[in-house]
Every structure is written in structure tokens, then in C-alpha cells.
Amino acid sequence: MSIGAVARRVRAYGGQFLLLAALAMVVLALIGGVPRLVNGRAEAGLRTFLAGQPAAARDVTYGTESLFNAGNGTSLMEAFAADLPRLEAEMPPDVRALVDQRWFAAETDAGRLTGPDLAAENLLVDLGLRSLPGIADAGSLTEGRWPDPAARPDQPVQVALAGEVARKLNLRVGSRLTLAGPASASPEGAPDPVRIVVVGVFEPRDRADGIWQGLPQVLHVVEPPGDAQPFVALGVADGAALDRLSADGWGLRFSWRYRMGASGIHAVDVDQIIGDLQRMSRRAQGRGFHQGLDIPLREFQGQVAAVRTVLAVIAAGVLAALAGLVILAAGLTVRRRRTEFTLLRARGGTAGSVAARSLAESLLVLLPTAAVGWALGNLAPGPAADSLPAAVVATALIVLALPVAALAAPTGVAGRRDLVRLRPSTRRITVEAGVLLLAVVAVLLLRRRGLVPGVVDPLLVSVPVLLATAAAVLAVRIYPWPLWLLGRLAARTRGSVAFLGSARAARAVVTTPLVVVVLAVATAAFCAVVTAGVAVSRDEVAGRRVPADALIQGQQFTRETEAELARLPGVRRTTPVLQESGQRLATDERGTDLRTGDVTVLLVDGPALAGLVRDSGVRVTVPEALVGPAAAGPLPAVVSPAVAADLAAAGRERSAFVSVQSQRYEFRVAGQAETFPLLRADNTRFVVLPWQGLPRRSTVAVPTGFLVAGDHLDVAELRRVGNEGQRSFQQDGAFVGRTPPREVEVLTWADVRRQVGEGSMNGVLGFGFVAGAVAGTVLGLLAIGFVVLAGARARGQVLSRLRTLGLSRGQWRGLLLVELGPLVAVAVVTGAVVGALLPLLLTPVLGLSAFTGGVPVRVAFEPRLVAGVVLLGAVALGFAIAVEALNNRRMRLGEVLRLGEES
């Protein structure tokens with residue numbers, strides 16, 4: 001068999017081989033390119049995810065306990081500073097490649113600081129001294145100078161302070177202080193006090209610089225946790241001064257900190273990096289080792305596992321539809337060449353020789369196009385994926401599709417296919433029953449075993465394919481009967497279009513094309529429904545965090561702040577909220593502890609909150625117990641199940657007491673909720689009270705935040721008004737003289753929603769859903785095109801005969817519409833129904849809560865899906881008619897009549 005003869009046959013049937021070649025190229029391009037695109041998005045998501053983590057989560061830190069100079073004249077500072085590069089060199093290669101910045105620090109334990117400037121403000125202060133090599137480059141002096149390393153030992157220890165520290169402690173350049181030696185583990189006991197002089201005040205050049213982020217921070221004063229407790233601060237001293245203090249019996253602690261950058265990490269190395277960090281922790285003997293990088297990396301790996309499973313489900317549907325298209329293309333090619341194959345068999349050829357001819361043609365056409373598709377796919381951006389085995393298997397299957405179809409095709413004269421009640425063969429009944437049984441078994445296994453995130457179980461992942469195939473088989477068996485009844489009704493009416501169209505539609509046997517259409521549409525509908533469910537769940541997460549357009553959180557505000565906020569441009573509604581943590585439940589107004597653990601108390605104005613939620617359009621429901629008007633007796637409260645159980649166990653279901661800003665209020669359990677807006681999702685102990693029901697007292701509850709509804713809100717203005725409200729409350733209240741409150745935090749619903757839906761593997765998940773929906777829609781339309789082409793020759797013969805009998809062009813279009821409409825409608829609707837029901841089965845086991853802040857994805861009826869199905873059906877029907885019209889233009893009436901019976 002010469003190559004020339006094979007090439008001539010390929011040229012004779014160029015259209016069919018071009019179709020097969022295009023499908024082969026698309027399949028191999030997808031196998032080669034999609035994994036690269038996914039890996040590229042995963043790399044970008046990982047870097048974005050790590051860059052958004054707190055700095056401390058990306059630090060690897062070694063540290064020591066307090067060490068004392070042995071008195072042999074060695075410098076502890078020099079000895080331990082040399083460990084900074086050595087410890088980095090000992091890191092595993094994957095971890096060492098991530099190191100972006102590194103810092104060495106030494107510091108003393110905090111001792112009691114005294115001096116005239118502190119006494120003037122009656123301040124109680126504990127001060128530690130820290131040496132930070134490189135601080136002169138990271139800080140900018142505003143007063144004085146940096147400590148002098150050549151200072152004489154008999155002079156006071158020179159210290160530089162951050163500007164905020166100096167202001168809060170009433171210190172300045174020239175302040176002279178005494179630092180008492182801290183209690184330590186030194187055998188000689190506490191060292192002698194030392195004299196301190198402030199020689200400089202500085203500000204950081206960049207507050208985000210990692211040199212400032214060691215704990216406790218140099219830039220801030222740690223507020224006292226309670227009355228009679230000291231402020232805690234750090235001063236910057238020179239290393240030589242700390243060496244002298246060490247020689248005098250002061251203990252020194254040393255730390256080596258390495259900041260891991262996000263630019264050098266690769267998604268495929270995450271497991272290795274987590275394992276290396278664990279081994280580093282086990283090997284770090286004698287040095288305090290701390291790292292938090294493995295926590296976000298494990299979170300990322302959880303999302304990777306969930307995405308891998310979701311993508312496997314989508315890929316199974318898309319690849320099954322593509323495989324169906326390849327089978328349809330091969331079958332169409334064999335059908336067009338049926339006369340040729342019949343003649344070969346009549347002249348003594350065997351089935352093997354026919355298959356050999358087809359195999360040679362496939363190798364000549366499909367191998368090169370598959371290689372081209374593979375090469376094009378590997379041009380996609382992103383790290384390479386190990387998809388070569390899948391490409392080899394796919395190429396082999398595509399090449400074998402044509403010879404297998406030639407072997408399976410019947411030869412000789414075709415039997416009648418114009419009867420409604422075709423009796424299926426035993427083999428076909430067995431295959432269809434097997435498909436139905438396998439689908440049922442797969443569903444049962446899925447419900448029993450579930451999907452292990454990150455592990456692709458071929459049987460369980462193929463559940464959508466099996467269910468779509470089973471639904472298509474049932475549709476093929478059911479849909480001719482209503483058409484048969486419709487045909488009998490049409491026979492009694494005038495005109496031939498309805499009767500002929502319904503009769504031909506009922507006689508059509510198109511199992512394989514219908515299966516492919518259902519598969520493709522089901523994949524697209526599944527992606528669309530799950531995408532909508534994920535979006536709704538993310539909206540709910542954002543609504544629980546910010547149940548309005550904006551949330552202002554601070555310490556305490558004046559009530560006039562609400563009126564100031566209401567006057568800002570764009571603000572429509574405002575309502576105050578009050579939140580206090582660490583409160584105790586009591587049995588009476590005197591405060592007898594119920595001994596049930598701490599709770600978080602939240603006060604909301606129920607009616608105002610309900611109106612504001614409606615105005616903002618946030619997906620949050622306010623319980624009725626909080627919306628009702630004020631009434632005498634205990635306040636109706638919504639509590640968490642854990643608090644309700646504690647109250648029931650203590651016999652206090654009817655009433656208990658809780659403290660709010662030092663005022664105790666009696667409440668009763670009026671409802672329970674697993675979570676509540678404004679509270680953290682992991683908060684399992686809370687009590688929510690209606691602000692409008694609080695009894696009138698001399699001490700009025702003061703808000704700690706405000707919810708705002710409005711359009712085009714100016715975050716800077718909201719922050720300004722909030723800060724002014726905090727300062728006004730401090731000046732008017734009993735807190736005059738204390739340090740200014742920290743700046744308020746302003747969160748908008750849009751920003752929180754964006755944070756929930758961006759970063760990490762969210763981009764990969766969105767890409768998978770969009771690609772699945774688009775691919776399913778396109779493949780469904782192509783499958784409908786195959787449905788049209790499969791019966792085009794027979795319809796052409798009927799059209800030619802009817803046109804000779806006087807059928808008009810408009811009547812022909814009506815006939816085509818009646819014939820193809822039921823098939824298209826059944827295929828699209830069946831696929832849409834299967835795709836809409838699949839999420840109910842799969843979302844509980846896909847692990848999608850990793851992308852919705854831990855909230856389970858809830859799939860509900862989506863009205864837009866109905867509109868999408870109608871639109872897709874209309875487009876599909878229009879596409880089918882367009883394909884039929886284009887195909888008919890290629891033939892003349894006389895040529896069609898001489899084509900013979902369609903096989």
C-alpha cells in the first residue's frame with residue numbers, strides 16, 4: 001500500500017479528514033496547554049496569596065534564651081552575629097532559595113525605668129535595650145544622633161528612641177534616666193542599675209521594612225493591660241554597649257530572622273517546602289525556632305487539592321464530549337465511504353484490510369496534526385506539566401477511531417429506518433442497561449465514599465459523564481413517543497409540514513450525537529450553576545463581615561458621630577453597634593458568675609439594622625427576635641448554641657445577666673444562631689442583644705462602631721469622622737490624659753468581597769469554570785452540527801422530491817424547524833437539567849468551602865439558568881438550520897436524487 005494511494009484517498013475525502021484533523025489538534029492542544037495555563041495561574045495565585053500574608057507569617061526565626069558573658073573577653077555580639085549567614089547556609093535548598101531579607105538582633109530583658117521626665121507624667125515604664133545592625137539606614141533621625149559605638153564605659157548608655165515612643169513616654173534628647181537590672185537567671189542575681197541618656201529620636205523611612213517588625217516592636221509602646229501595670233518599650237543601643245552590659249551581668253537574648261519572599265516560590269515545591277520546615281524545626285536544638293510559613297502553605301495546598309478535584313470533574317466532561325465528537329466524525333467519514341468499503345468487501349477484501357487502509361490514512365493525517373496541536377499547546381504560558389502520557393494515549397485513541405469505526409460499520413444493503421417502532425438489538429439493550437447500572441453504582445459510591453480532595457478517582461470523577469450518558473439514553477428512548485402522538489394529531493390537520501416534520505423527527509435515531517450534546521451542555525450548566533453558588537456564598541461571607549456598604553470600627557465614639565456620618569455625601573443610613581469580648585454570664589444583677597466561660601456581647605438596633613441591610617442589598621437576615629419593639633422584662637437575645645446549652649445546663653433558660661460597658665442587663669434566649677454578622681466565623685460563644693430594648697439608665701451605652709449604607713462612599717471621610725468621634729469621646733469622658741486612641745478601621749463590603757474572591761487558587765477555580773462553560777457550549781453546538789450532518793443526505797433526498805412536488809422554500813424551512821426542533825430541545829433541556837442537578841450531588845464533596853471563607857457552597861435554583869437554556873436552545877436551533885442550509889447549497893437537485901439511499 002503506497003503512500004501515494006493513501007494520499008489520493010485522503011484528498012478525495014478531504015472534508016472528513018480535515019474535520020478529524022481539527023479535532024485531533026484541538027484535543028492535543030488542550031492536553032498540552034490547559035495544564036500549563038492552570039500551573040501559571042496557580043503560581044501567580046500562590047505569590048499573591050503569600051504577599052498578602054502578615055509579615056510574621058513569612059518569617060523564620062531562631063532565638064536564644066538570656067545568655068551571660070563568661071568573662072573571657074570575647075564579644076557575644078560578634079560571635080552571634082556571625083551565625084546569621086551560617087544558619088542560612090544550613091537551611092534546605094528550597095527554603096534557602098526563598099530568603100529575601102535577613103536580620104540579626106540582640107536585646108536585654110526589660111528593666112524598670114525611672115527618671116524626672118517619667119515622674120512628671122506619673123508613668124510606670126519597663127524598658128529593654130536592643131541592638132539592630134543596619135538601623136541607621138532604615139531610620140531617619142529627627143533629633144540628636146545615633147548611639148556612639150566608641151563611647152567610654154564610664155559614660156551613661158546611649159539610647160535612641162522612636163518618635164512615637166519618645167512622645168508617649170514624655171522623653172526627649174538629653175533625658176537622663178536610670179534602668180534597674182532585671183531579675184534574671186544569673187547566679188549573681190540582678191545586675192546593678194545603669195544610667196541611660198537619650199541621644200537621638202528617629203522615624204522609620206519605611207514602616208513596612210522588616211527590620212521594624214521584630215516582637216516587641218521598636219516603633220510602638222505596649223499599652224499596660226490593666227491598672228498599676230507598666231508601659232513596655234524598647235530603646236536602640238549600640239552593640240558595644242550591650243557587650244559591656246553583658247560583662248556586668250546583664251543577660252542578652254539573640255535572634256536571627258529571615259523573611260521568606262514570595263517571588264522565588266513555585267507551586268510544585270510547596271509540599272517539599274512544608275516538609276523542609278518541619279525538619280528544620282526538629283533539628284533546631286538549643287535555639288528557639290519559630291516559623292509560621294507552613295500554615296498559609298497548608299491552606300494553599302488545601303485549595304490546590306479542591307481545585308484539582310473540581311478541574312478533574314470539568315475535564316472529564318469536556319474530554320468525554322470531545323471523544324464523542326471524534327467518534328461522530330469517524331462514523332460520519334465511514335458512512336460517507338460505505339459504498340467504497342462495500343465494494344472492497346465484494347471484491348474479496350477482508351474487514352482487516354479495510355481497517356488497515358483506514359489506519360494508514362489516520363496515521364498520515366492525524367499523527368502530524370496531533371503533533372502540531374501538542375506543540376501549540378506547549379506554547380501556552382506557565383510551567384510545564386507532566387501531560388505527555390495523556391497526550392500519547394489520546395493520540396493513539398484518535399488514530400484508532402477511524403479503523404475501529406470501519407470495523408464496526410455494517411456492510412451491504414441498509415435495512416429500513418423509516419419506522420417509528422424500531423426494535424433495538426439485544427446488544428444495544430445490554431449496553432444501555434449497563435450504562436444505567438454503572439451510573440447508579442457510581443452515584444452510590446460517591447455518596448458513600450465521597451471524593452478525597454486532591455485524589456482523582458476515575459470512577460467517581462466520571463459520575464457527571466455517566467449520569468449525562470444515562471440521561472441521554474433515557475431521553476432517546478422516551479422522546480419519540482410524544483412525537484408519534486403529535487404526528488397522529490398533525491395527520492388530521494391541513495398541511496403537510498407539521499405531519500412530515502413530526503414523523504421524521506420521531507423516526508430519527510441519533511443516540512450518539514444526543515449523548516454528546518447532553519454531555520457538553522451538562523458540563524456547561526454544571527460550571528454555570530456552581531459558579532453562581534460560589535458567588536452567592538462569597539456574598540454571604542462578605543455580608544457577615546460587613547452587613548452594610550461600610551463598617552467603621554474603633555474603641556468608643558460619641559453618639560453625635562452618627563449624625564456626622566449621616567451628613568457625609570452619599571450616606572443614606574447609619575446605625576451604631578457595640579461589641580465587647582471577654583464578658584461573663586451572671587445569675588443576678590450583683591454579678592454572681594455563672595461559670596460558663598467568656599462570651600462576646602453584641603448590641604444592635606434591630607429595626608435600624610434590618611432597614612440598613614435592605615437598603616444595602618446585602619445577603620444577611622436579621623432575626624425577628626431582635627427586630628421587635630421594646631417590652632418589659634428580660635431582653636430577647638439571640639445566642640450561639642454553645643451559650644444556649646450552658647444556660648440550659650445551669651437552668652437559666654428564662655433569664656440570665658451579662659455585662660455591657662460595666663452595666664448588667666437581664667436577657668432571655670429568644671433564638672439561636674450558629675453565626676451572626678459582625679462576629680468572627682469561629683466565634684462559638686456570643687450573645688446578641690437589641691439596642692432598642694435597653695432600659696433607660698443614667699449611664700448610656702456607647703457605640704464601638706457604625707454601619708453605613710450609601711453610594712460612592714469616601715473611605716477617607718468616613719475614617720476622618722470616626723477618628724474625630726473617638727477623640728471627642730476621650731476628651732469629654734474620664735480618659736483625659738491617656739494616649740490618643742488608635743485610628744479607626746474602615747471596611748467596605750466591596751473590599752471584603754474582593755478579598756474573599758481574589759488571590760490564591762481563586763483565579764484557577766474561576767478559569768476552570770469559565771473554560772468549562774465555554775467549552776461545553778461550543779462542543780454542544782458542534783455536536784448539534786454533527787446531528788444535522790449525519791442526516792443531511794437523507795433530508796436532501798426528501799427535500800428534492802418534495803420540491804418537485806411543489807414544496808416552497810418557506811415550507812421547507814418550517815419542515816426543517818419541526819424536524820430538528822424537538823431533537824435540539826430534548827438535548828439542551830436534558831443537558832441543562834443534568835447540569836443543574838449535578839451540583840446538588842457534587843458540591844458537598846468537592847471542598848469548595850476553601851474558596852468561600854469556610855462557608856459551605858449552597859446551590860439553589862438560578863433563574864438566569866432558565867434564560868440561558870432558552871437562549872442556548874434558540875442559538876443551537878439556528879445553528880442547526882444554518883448548517884443544513886450550507887450543506888444543501890453544495891448539492892444540486894438532480895445530484896441529490898442520484899445519490900441513492902442514505903446508509
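1. Description of the overall build of the protein chain
Right, on to step 1. What the protein chain contains, in helices and strands, is 31 helices and 20 strands.
Right, on to step 2. In the protein chain, buried positions account for 49% of the 903 residues.
Right, on to step 3. Of the roughly 42,800 Å² of accessible surface on the protein chain, a fraction of 58% belongs to carbon and sulfur atoms.

2. Here's the deal with the packing of helix α2 (residues 14–51) against helix α13 (residues 351–377)
Right, on to step 1. Contact geometry for α2 and α13: axes closest at 7 Å, N-to-C directions at 30 degrees. On the basis of their axis angle, the class for α2 and α13 is roughly parallel. Pair α2 / α13 crosses with right-handed handedness. Mapping the contact onto sequence places Phe-17, Leu-20, Ala-21, Ala-24, Met-25, Leu-28, Ala-29, Ile-31, Gly-32, Gly-33 and Arg-36 in α2 and Glu-361, Val-365, Leu-366, Thr-369, Ala-370, Val-372, Gly-373, Trp-374, Leu-376 and Gly-377 in α13.
Right, on to step 2. Partitioning the contact of α2 with α13 into residue classes produces 14 nonpolar, five polar and two charged.

3. What about the pairing of strand β17 (residues 663–672)?
Right, on to step 1. Inspection of the sheet shows strand β15 (residues 635–639) paired to β17 by five bridges, in the parallel sense. From the neighbouring strand, Val-639 faces β17, where its bridge partner is Gln-672.
Right, on to step 2. Strand direction decides the pairing type here: strand β16 (residues 656–660) and β17, joined by five bridges, are antiparallel. Considered in β17, the bridge of Ala-656 is made with Phe-667.
Right, on to step 3. Hairpin connection of β16 to β17: two residues between the antiparallel strands, including Gln-661 at a positive phi of 50 degrees.

4. Remarks on the pattern of salt bridges
Right, on to step 1. Taken as a whole, this structure holds 37 salt bridges when the rule is applied.
Right, on to step 2. We note a salt bridge from Glu-340 to Arg-337, for which the minimum N-O separation is 3.0 Å. The burial state of Glu-340 is the same as that of Arg-337; both residues are buried.
Right, on to step 3. Here the salt bridges do not stand alone but share partners, grouping Arg-9, Arg-337, Glu-340, Arg-357 and Glu-361 into one network.

5. Description of unusual backbone geometry
Right, on to step 1. Although it is not a glycine, Asn-122 sits at a positive phi angle of roughly 55 degrees.
Right, on to step 2. Locating Asn-122 in the fold gives a position in the loop between α6 (116–120) and β4 (125–131).
Right, on to step 3. In this structure, Gln-661 takes a positive phi of about 50 degrees despite not being glycine.

6. Notes on helix α24 (residues 641–649)
A turn of α-helix holds 3.6 residues, and therefore any two residues three or four places apart point the same way.
Right, on to step 1. Looking only at α24, the buried set comprises Val-643, Ala-644 and Leu-647. The arc enclosing the buried residues of α24, seen along the axis, measures out at 100 degrees, which places them on a common side.
Right, on to step 2. Next to the buried residues of α24 lie β13 (571–586), β14 (593–604), β15, β16, β17 and β18 (686–690).
Right, on to step 3. One or two positions beyond α24, positive phi appears at Gly-651, with a value near 70 degrees.

7. Topic: helix α26 (residues 749–757)
Right, on to step 1. All buried positions along α26 are accounted for by Val-752, Arg-753 and Val-756. Looking down the long axis of α26, one finds its buried residues gathered within 100 degrees of arc, a one-sided arrangement.

8. Topic: the packing of aromatic side chains
Right, on to step 1. By the definition in use, this model includes ten aromatic pairs.
Right, on to step 2. Here the aromatic rings of Phe-104 and Phe-254 are separated by 6.1 Å at their centres, their planes lie at 10 degrees, and the arrangement is stacked. Of this pair, Phe-104 sits in strand β2 (residues 99–108) while Phe-254 sits in strand β10 (residues 252–260); the two residues are 150 residues apart in sequence, bridging distant segments of the chain. In this pair, the class of Phe-104 matches that of Phe-254, namely buried.

9. Observations concerning the packing of α2 against helix α14 (residues 388–408)
Right, on to step 1. The geometry of α2 relative to α14 is characterised by a closest axis approach of 10 Å and an angle of 165 degrees between their N-to-C directions. With respect to each other, α2 and α14 are oriented roughly antiparallel. Read as a crossing pair, α2 and α14 show a hand that is right-handed. Contacts from Phe-17, Ala-24, Val-27, Leu-28 and Ile-31 in α2 reach Ala-390, Ala-391, Ala-394, Thr-395, Ile-398 and Leu-402 in α14.
Right, on to step 2. When grouped by side-chain class, the residues that make up the contact of α2 with α14 number ten nonpolar, one polar and no charged.

10. Points about the environment of Ala-208
Right, on to step 1. Residue position: Ala-208 is located in the loop between β8 (194–204) and β9 (231–236).
Right, on to step 2. For Ala-208, a relative accessible area of 52% puts it in the exposed group.
Right, on to step 3. Taking the C-alpha atoms as reference points, Ala-208 and Ala-55, 153 residues apart in sequence, are found 8.9 Å from one another.

11. Side note on the nonpolar core
Right, on to step 1. In this structure, Tyr-62, Leu-129 and Phe-202 are the most contacted members of the largest nonpolar core, which totals 182 residues.
Right, on to step 2. Here this core gets 20 residues from one element, more than from any other, and that element is helix α11 (residues 294–336).
Right, on to step 3. Ala-610, Val-618, Ala-709 and Val-855 belong to the second-largest nonpolar core, a separate cluster that totals 29 residues.

12. Overview of the confidence of the model for the protein chain
Right, on to step 1. Taken as a whole, the protein chain shows an average pLDDT of 83; of its residues, 88% reach a score of 70 or greater.
Right, on to step 2. In the predicted structure, residues 734–738 sits below a pLDDT of 50 and forms six contacts with residues beyond four places in sequence or in another chain.
Right, on to step 3. Across residues 898–903 the pLDDT falls below 50, and counting only partners more than four positions away or on other chains, this stretch makes 15 contacts in the model.

13. Concerning the side chain of Glu-107
Right, on to step 1. Residue position: Glu-107 is located in strand β2.
Right, on to step 2. Polar contacts involving the side chain of Glu-107 include one to the side chain of Arg-130, which spans 2.6 Å.
Right, on to step 3. There is a polar contact of 2.6 Å between the side chain of Glu-107 and the side chain of Arg-253.
Right, on to step 4. What Glu-107 contacts, discounting residues up to four positions off in sequence, is Leu-129, Arg-130, Leu-234, Leu-242, Gly-251, Leu-252 and Arg-253.

14. Some details on the environment of Ala-520
Right, on to step 1. Its place among the elements puts Ala-520 in helix α20 (residues 511–545).
Right, on to step 2. Classification of Ala-520 by relative accessible area gives buried; the value is 1%.
Right, on to step 3. Put simply, Ala-520 and Gly-780 are 260 residues apart on the chain and 5.0 Å apart in space, counted from C-alpha to C-alpha.
Right, on to step 4. Once residues within four sequence positions are removed from consideration, Ala-520 is found in contact with Ala-321, Gly-776, Leu-779 and Gly-780.

Criteria and thresholds
- Residues numbered from 1 in each chain as written.
- Predicted model: local features only at pLDDT ≥ 70, side-chain atom pairs only at ≥ 80, totals over all residues.
- Heavy atoms only, no water.
- Helix = DSSP H or I, 4+ residues; strand = E, 2+ residues; numbered from the N terminus.
- Buried < 20%, exposed > 50% of the residue type's maximum accessible area, 1.4 Å probe, protein only.
- Areas by Shrake-Rupley, 256 points an atom, 1.4 Å probe, with all protein chains shown as cover.
- Axes fitted to C-alpha atoms, helices over the stretch in contact; angles between N-to-C directions.
- Parallel < 35°, antiparallel > 145°, perpendicular 65-115°, else oblique.
- Left-handed = near helix turned anticlockwise from the far one by under 90°.
- Contact = heavy atoms within 4.5 Å.
- Nonpolar A, V, L, I, M, F, W, Y, C, P; charged D, E, K, R; others polar.
- Pairing = 2+ DSSP bridges.
- Salt bridge = Lys/Arg side-chain N within 4 Å of Asp/Glu carboxyl O.
- Arc of directions from axis to C-beta.
- Phe/Tyr/Trp six-rings, centres within 6.5 Å; stacked < 30°, edge-to-face > 60°.
- Core = buried A, V, L, I, M, F, W, Y, C linked by side-chain atoms within 4.5 Å.
- pLDDT = per-residue confidence, 0-100.
- Polar contact = N/O pair within 3.5 Å; in protein donor to acceptor, adjacent residues only side chain to side chain.

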